[in-house]
Amino acid sequence: MAISFDKALGDLPAQLTLYGKRSTVLASNLANADTPGFKARDIDFRSVLAAADAGQVALKTTRPGHISAAGDAPGGAELLYRVPVQPSLDGNTVNTQVEQAEFTENAVRYQSTLTFLNGKFSGLKLAIKGE
Amino acid sequence: MSLLDVFDIAGSAMSSESVRLNVTASNLANAQSVGPDEASTYRARQPVFSAVMQSLRGGVDSPGVGVRVDAIVESQAPLEQRYQPEHPMANAEGYVYVPNVNMIDEMSNMISASRSYQSNVEVLNTSKQLLLATLRLGQ
């Protein structure tokens, strides 16, 4: 019986990548908290996971001019605009407190995925060594 | 590596906020720099921020958006004239021009800039911890 690393780790690596991407988006929101006209954005994590579970296939881009069907976020995640709680006069929709909370939550989720991955690795190690 | 993008984004925000702090400091420092005419008197300055797509900057496929300071604009509010004929800067009619710096505006701007700076430092620290934890994966 061969050990397949792809199957052994499940969708944890994909989750890690997506959390990393989401941290970029949330960091952009926080960075642009004072930029006039900036619209806060976020990834709908649930829909991405649901799409991954349903086994949806993304359109392949074969030439540099091709536009990805899933929008401008890589990895199939669609970037959506946040509904502002209290929009400001300069058109900025960033709510620093909301973004900070989301960023912290995202970091915790990233770390929990890391912990699960570490568990997988130690399990694999145990299987390889047989001790 | 998307977590490395966070460093660029938070870094761009920190440098923009520090420009804002610098401008505020120069406004506060020159609040009493009176002049003999409108043209040579100090005017309050404000930085103009704008968003920059990371993918346009580095050519990488990143959803991140950084910040940059587009311009520093001078306030066009009218300068206050003060009648001080004994002042060395006074013009022929005995008036000096006072900069249009609003102390309250500047102080609130300073606090807002330092808070934004702090939140970006927080983002940077968290991302650093996540990256270091990722490096230790499987050990």
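Since the model is a prediction, treat every value here as computed from it, not as a measurement.

Rules behind the numbers
Residues numbered from 1 in each chain as written. Chains lettered and ligands numbered in written order. Predicted model: local features only at pLDDT ≥ 70, side-chain atom pairs only at ≥ 80, totals over all residues. Heavy atoms only, no water. Helix = DSSP H or I, 4+ residues; strand = E, 2+ residues; numbered from the N terminus. Expected span 1.5 Å × (residues − 1). Polar contact = N/O pair within 3.5 Å; in protein donor to acceptor, adjacent residues only side chain to side chain. Contact = heavy atoms within 4.5 Å. Buried area = accessible area lost by both parts, 1.4 Å probe. Salt bridge = Lys/Arg side-chain N within 4 Å of Asp/Glu carboxyl O. Nonpolar A, V, L, I, M, F, W, Y, C, P; charged D, E, K, R; others polar. Axes fitted to C-alpha atoms, helices over the stretch in contact; angles between N-to-C directions. Parallel < 35°, antiparallel > 145°, perpendicular 65-115°, else oblique. Left-handed = near helix turned anticlockwise from the far one by under 90°.

(A) Inspection of helix H3 (residues 103–135) of chain B at higher detail. In a regular helix each residue adds 1.5 Å, so 33 residues correspond to 48 Å; H3(B) covers 48 Å between its end C-alpha atoms and thus fits that length. If you check the start of H3(B), you find a side-chain oxygen 3.1 Å away from the backbone N of B:Ile104, and it comes from B:Asn102.

(B) Geometry of the interface of chain B and chain A. Chain B puts 32 residues into the contact, and the matching count from chain A is 28 residues. Taken over both partners, the interface formed by chain B and chain A buries close to 2,400 Å², and the fraction arising from carbon and sulfur atoms is 66%. By the criterion of area lost to chain A, the three top residues of chain B are B:Pro63, B:Leu130 and B:Leu137, representing 24% of everything that side buries. In this structure, the connection of chain B to chain A is made through 1 salt bridge. Here A:Asp34 makes a salt bridge to B:Arg20, at a shortest N to O gap of 2.9 Å. Summed over the shared surface of chain B and chain A, the number is 10 residue pairs in polar contact (both at pLDDT 80 or more). Taken together, the elements giving at least two residues each to the side of chain B that touches chain A come down to helix H1 (2–29), strand E1 (45–53), strand E2 (65–74) and H3 of chain B. Looking at side-chain class alone, the side of chain B that touches chain A contains 13 nonpolar, 14 polar and 5 charged residues.

(C) How the structure looks around the packing of helix H2 (residues 12–31) of chain A against helix H4 (residues 96–129) of chain A. Residue and element names in this part refer to chain A. Their axes nearest at 9 Å, the elements H2 and H4 cross at an angle of 160°. If you check the angle between H2 and H4, you find them roughly antiparallel. Every pair of crossing elements has a handedness; the one defined by H2 and H4 is left-handed. A breakdown of the residues in the contact of H2 with H4 according to their chemical character gives 11 nonpolar, 8 polar and 5 charged.

(D) Structural context of the side chain of B:Ser116. Relative to the assigned elements, B:Ser116 resides in helix H3. The contacts of B:Ser116, once residues within four sequence positions are left out, are A:Asp34, B:Glu17 and B:Arg20.

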